[in-house]
Amino acid sequence: MARHRPFRWPLIAAFLACLAAGAALRLARLPELPLGLHYDEAANGILAAEIARGIKHPVFIPSYTGKEVLFFYWAAAWMRVLGEGVLALRLTAAVAGICTVAAAAWATCELLHDREDAPWIGAFTAAFLATSLWHLIFSRIGFRAITQPLLQALTVGALWRGLRLERRGWLVLAGLLAGATLYTYLASRAFPLPLAVPLLALLLTDRERRCIRLGHILLFGVAAIAALIPLAAYFIAHPAALTTRIGQVAARSWAEAWEGLRACLGMFFLKGDPYIRFNLPGRPLFDPATAALFLLGLLITFRRLFDRPGRPLPIASGLFLLTLLPIMLLPSALATGEITPSNLRAIGLLPFIYSFPALAAVSLLRSVVPAARLDRWALGLILFFLALQAPVTSTLYTRWATSPALYEAADGDLVDVAAYLNGTDLEGVTPYIASIHYRHPTLAFLAKDYPRLKWLTGGETLVFPAGGDGLLILPRSADQGRRWIEERLAEAVRLPTPAGPDGQPAFIAYRFPAGSSSTPSHPLSADFGHAVALLGYDLLSTPRSGEQADVVVYWRVENRPDPGDLLPAVRLTDPWGGLWGESRPFHYPAEQWTPGEVVMDHLSVKVAPGAPPGAYQLKLSFYAASTGQPLPLLDATGGYAGTAVGLPVELERATTPPAPSDLPIRQRLNLESGAGPTLLGVSLDTRTIRPGEPVHLTLFWQAARPVQADLTVHLQLGEERLYEGMPVHNTYPTSQWAAGEVVADRYDPRLSREAAPGACPLTLTLLDGEGREVLGPVTLGEITVERVDRTFEPPSMAHEVGIPLGDQAELLGYDLDPSDGQLRVTLYWRATAEMESSYTVFVHLLGPEGGVVAQHDGIPAGGGYPTPLWMEGEVVADPHILDLPAGLPPGSYTLEVGMYIQETGERLPVPDSPDGAVRIPVQWPETR
């Protein structure tokens with residue numbers, strides 16, 4: 001093994017110069033550059049602050065899709081010294097980056113220790129790394145990934161030193177560092193592979209010392225496992241945390257993975273990371289000169305594998321460097337679910353990737369410089385390189401760090417918002433902040449009065465406070481609703497705000513006095529569960545097929561709802577209940593509501609392409625996000641009146657017809673009728689059906705030219721005629737279709753209750769006004785009619801009632817079956833007519849004072865046998881399970897039974913009962 005010369009002053013000077021250049025680049029103008037404080041970076045600051053305060057001591061952080069913890073403990077230490085802020089967060093990364101420059105030099109020296117010039121290769125590695133724009137960017141932002149190259153370099157340096165000197169202490173330290181590396185960043189999970197390959201090769205090639213080498217490897221492995229025990233225990237207890245993020249970004253096919261690998265190979269020389277947050281978009285990792293040196297160093301490393309016969313450790317070093325390149329590229333190559341190539345996910349290539357150009361540079365220098373003068377020439381070359389490259393890197397970095405594009409991508413507008421709020425007196429003011437994220441971490445980390453802020457996610461909401469002035473801030477990243485909001489802020493004052501790096505306002509701020517309001521153009525009045533009072537709505541534009549239906553809904557907060565996760569929902573429906581679009585925005589969740597606030601919320605619904613023009617409704621409702629349960633709509637007496645209010649809208653045909661390829665057609669046909677319309681295809685939603693159920697299908701038509709005649713659609717299932725009439729439920733005759741218009745023609749004809757079971761073809765025929773076939777018969781698919789076993793004789797029952805509900809049904813009787821904590825109520829119904837509406841059955845147990853003790857509402861037979869399937873005279877057993885409160889006292893109770901329509905709350909009438917309820921006295925505990 002070659003003996004190195006002692007470190008003389010040129011080598012020491014070179015290392016110090018590299019560290020000085022690296023430190024200067026990483027510390028200058030910190031923390032104000034780079035501009036902004038992105039969501040992820042701010043979240044990291046919040047998490048580190050929690051550790052600094054002693055609130056949490058995690059082994060793994062499950063928040064934000066999962067984070068390894070080493071960086072956060074390191075940042076927490078700085079925060080205890082400097083306080084919680086951007087300086088401590090970014091200084092954490094900067095110091096880690098500077099340390100990596102030194103660690104990279106050491107690791108390279110250890111890897112190439114058999115070479116006389118290894119220290120100079122390490123020095124050149126430090127020079128390349130110190131001036132690397134790639135590493136510099138990550139050394140100045142608070143991302144945990146910056147700790148991965150540092151731990152990797154320390155691991156390799158300690159491991160190869162331990163293997164070379166055969167010192168157990170170094171091997172144990174290397175194992176502990178290797179285990180600690182997996183606490184740095186997700187991509188570090190690939191690092192054990194490039195370590196395993198050279199260790200295995202060392203075991204195989206060092207035949208004379210195989211047992212000794214095996215002991216070294218085992219000692220290293222045991223120490224690594226010991227360091228990993230806490231993290232492994234966490235993943236065993238929380239297995240989903242191990243794969244959550246991987247599943248979100250992983251390639252979905254081998255083809256995607258191959259494309260990702262090709263893109264990542266190009267990031268070295270051709271086209272790099274396109275994302276402004278981590279790169280000057282598209283800039284490759286290497287400039288041409290460094291790229292040439294890298295390729296030469298790669299060739300030299302490959303040749304060393306064959307130039308060192310009988311030298312197991314140098315062979316292992318070469319294998320490590322060559323194996324590291326493809327393996328540590330995989331976290332980026334396989335993450336095609338997001339940006340590829342990614343400088344962030346490829347960070348495991350650092351710092352060893354610069355060992356290749358360093359090796360080439362020293363090899364070239366040795367080929368032209370006498371050995372006696374190598375030190376001075378190498379020092380001079382490094383100083384020249386640093387003097388040349390450091391300013392270039394600084395210029396590139398400044399261009400990146402101050403760019404308007406980075407300001408936009410890194411939430412720079414919210415940094416300015418935080419500074420503005422910190423300098424504004426908010427006494428007596430309710431601040432409303434628009435943001436693309438709810439409770440944005442950037443403001444959470446920077447704003448002093450963060451708990452007072454109210455969040456308008458998406459920038460499509462305007463709120464007038466219950467009392468005092470209001471302050472509305474629209475950052476440029478969330479000002480989509482600025483136009484319509486300004487139209488409704490007649491009394492507001494626009495405040496002066498700072499400019500971004502492009503000279504445009506960083507955000508817009510309005511202050512409006514107490515009592516400000518706006519009046520809807522379509523006033524309405526509706527009560528949603530005594531929590532929300534609907535006031536009206538505005539249509540922002542004429543809704544069109546395939547485009548947007550935009551409505552601003554006005555409501556007043558009456559009471560704080562429980563649960564506090566109430567949100568609005570809007571559904572675009574046709575007169576027959578068909579759904580053509582819906583939206584469930586997360587704009588202003590109810591946990592922020594204050595009684596008395598007036599909310600104006602812009603709800604935008606994407607209208608399905610091909611939706612026929614005509615009368616529609618936007619059905620507005622409110623639901624609990626945690627349970628999905630809608631808030632009841634109450635009538636004037638406080639009774640249930642459904643769950644939604646219909647806002648009438650008139651849908652017009654599309655400005656430009658959709659392309660047939662964009663339509664959700666399951667079976668494409670493209671059948672020309674000869675009379676104008678072409679049947680593009682069909683989507684048959686029903687494949688099995690019971691007698692009495694509807695057949696759901698959509699026919700997709702396109703009028704190639706104006707249609708002169710009114711054509712008739714005939715649908716038939718087997719021998720049964722399902723539908724005969726004009727398209728769109730007989731309301732949109734073909735003579736009204738415009739040339740090129742696409743019509744999605746939905747049908748839901750009900751199969752007769754007498755239909756025989758078996759498989760039947762569904763056929764379509766299109767007829768002209770004279771009854772002549774212009775298309776078809778066309779088989780659209782096959783539907784299987786299932787057998788339904790019906791009962792027409794009442795079974796024996798414990799309690800007979802015999803009370804009619806309208807002219808639709810009769811409650812024959814009931815059985816009660818009490819069990820521990822529950823009461824099973826089985827109702828027996830007889831259909832006195834065939835019902836077209838689907839009724840919901842309610843069963844309430846009322847206490848002695850008349851209040852509801854327990855209840856169950858649902859479609860008959862556990863939801864499996866709705867009323868439209870019942871035949872006249874049929875008897876249906878309908879069980880309902882009521883969960884009883886603990887310790888229900890004995891006494892007189894009442895069962896309240898009836899039927900209602902879910903959408904409207906309308907009940908079937910009951911004789912001598914003004915509210916449509918059959919009341920049955922029961923005695924507790926006799927019912928037990």
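About the criteria used
Residues numbered from 1 in each chain as written. Predicted model: local features only at pLDDT ≥ 70, side-chain atom pairs only at ≥ 80, totals over all residues. Heavy atoms only, no water. Helix = DSSP H or I, 4+ residues; strand = E, 2+ residues; numbered from the N terminus. Buried < 20%, exposed > 50% of the residue type's maximum accessible area, 1.4 Å probe, protein only. Contact = heavy atoms within 4.5 Å. Areas by Shrake-Rupley, 256 points an atom, 1.4 Å probe, with all protein chains shown as cover. Lys, Arg positive; Asp, Glu negative; His and termini not counted. Charge placed at Lys NZ, Arg CZ, Asp CG, Glu CD. Phe/Tyr/Trp six-rings, centres within 6.5 Å; stacked < 30°, edge-to-face > 60°. Axes fitted to C-alpha atoms, helices over the stretch in contact; angles between N-to-C directions. Parallel < 35°, antiparallel > 145°, perpendicular 65-115°, else oblique. Left-handed = near helix turned anticlockwise from the far one by under 90°. Nonpolar A, V, L, I, M, F, W, Y, C, P; charged D, E, K, R; others polar.

With respect to the overall build of the protein chain
Consideration 1: Scanning the protein chain for helices and strands turns up 21 helices and 34 strands.
Consideration 2: With respect to the three principal axes, the spread of C-alpha positions in the protein chain is 115 × 70 × 65 Å.
Consideration 3: Evaluated residue by residue, the protein chain yields a buried proportion of 54% over its 928 residues.
Consideration 4: At a minimum sequence separation of 6, the contacts of the protein chain that also span at least 24 residues come to 71%.
Consideration 5: When the accessible area of the protein chain is evaluated, it comes to approximately 38,800 Å², of which 57% is carbon and sulfur surface.
Consideration 6: On the protein chain, the mean spot of the 72 positive side-chain charges and the mean spot of the 88 negative ones are 20 Å from each other.

Section: the packing of aromatic side chains
Consideration 1: This structure, assessed with the given rule, holds 36 aromatic pairs.
Consideration 2: With 5.1 Å between their ring centres and 65° between their planes, Phe60 and Phe235 make a pair best called edge-to-face. Placement of the pair is Phe60 in strand S1 (residues 60-61) and Phe235 in helix H10 (residues 210-237), with a sequence separation of 175 residues. Neither residue differs from the other here; Phe60 and Phe235 are each classed as buried.

Considering the packing of helix H4 (residues 86-111) against helix H7 (residues 147-165)
When two helices pack together, their arrangement is given by the angle between their axes and by how far apart the axes lie.
Consideration 1: Their axes nearest at 8 Å, the elements H4 and H7 cross at an angle of 30°. By the angle between their axes, H4 is roughly parallel relative to H7. Crossing angle aside, the handedness with which H4 passes H7 is left-handed. Contact residues: Ala96, Cys99, Thr100, Ala103, Ala104, Trp106, Ala107, Glu110 and Leu111 in H4; Pro149, Leu150, Ala153, Leu154, Val156, Gly157, Ala158, Trp160, Arg161 and Arg164 in H7.
Consideration 2: Across the contact of H4 with H7, the residue classes tally to 14 nonpolar, 2 polar and 3 charged.

Here we look at unusual backbone geometry
Consideration 1: In the segment running from Leu33 into Pro34, the intervening peptide bond is cis, with an omega of 5°.
Consideration 2: The residue Pro34 is located in the loop between helix H1 (9-27) and helix H2 (39-52) in this model.
Consideration 3: Between Leu350 and Pro351 the backbone carries a cis peptide bond, its omega angle lying at 0°.
Consideration 4: Positive phi, close to 55°, is recorded for Val728, a residue that is not glycine.
Consideration 5: With respect to the helices and strands, Val728 occurs in helix H21 (residues 727-730).

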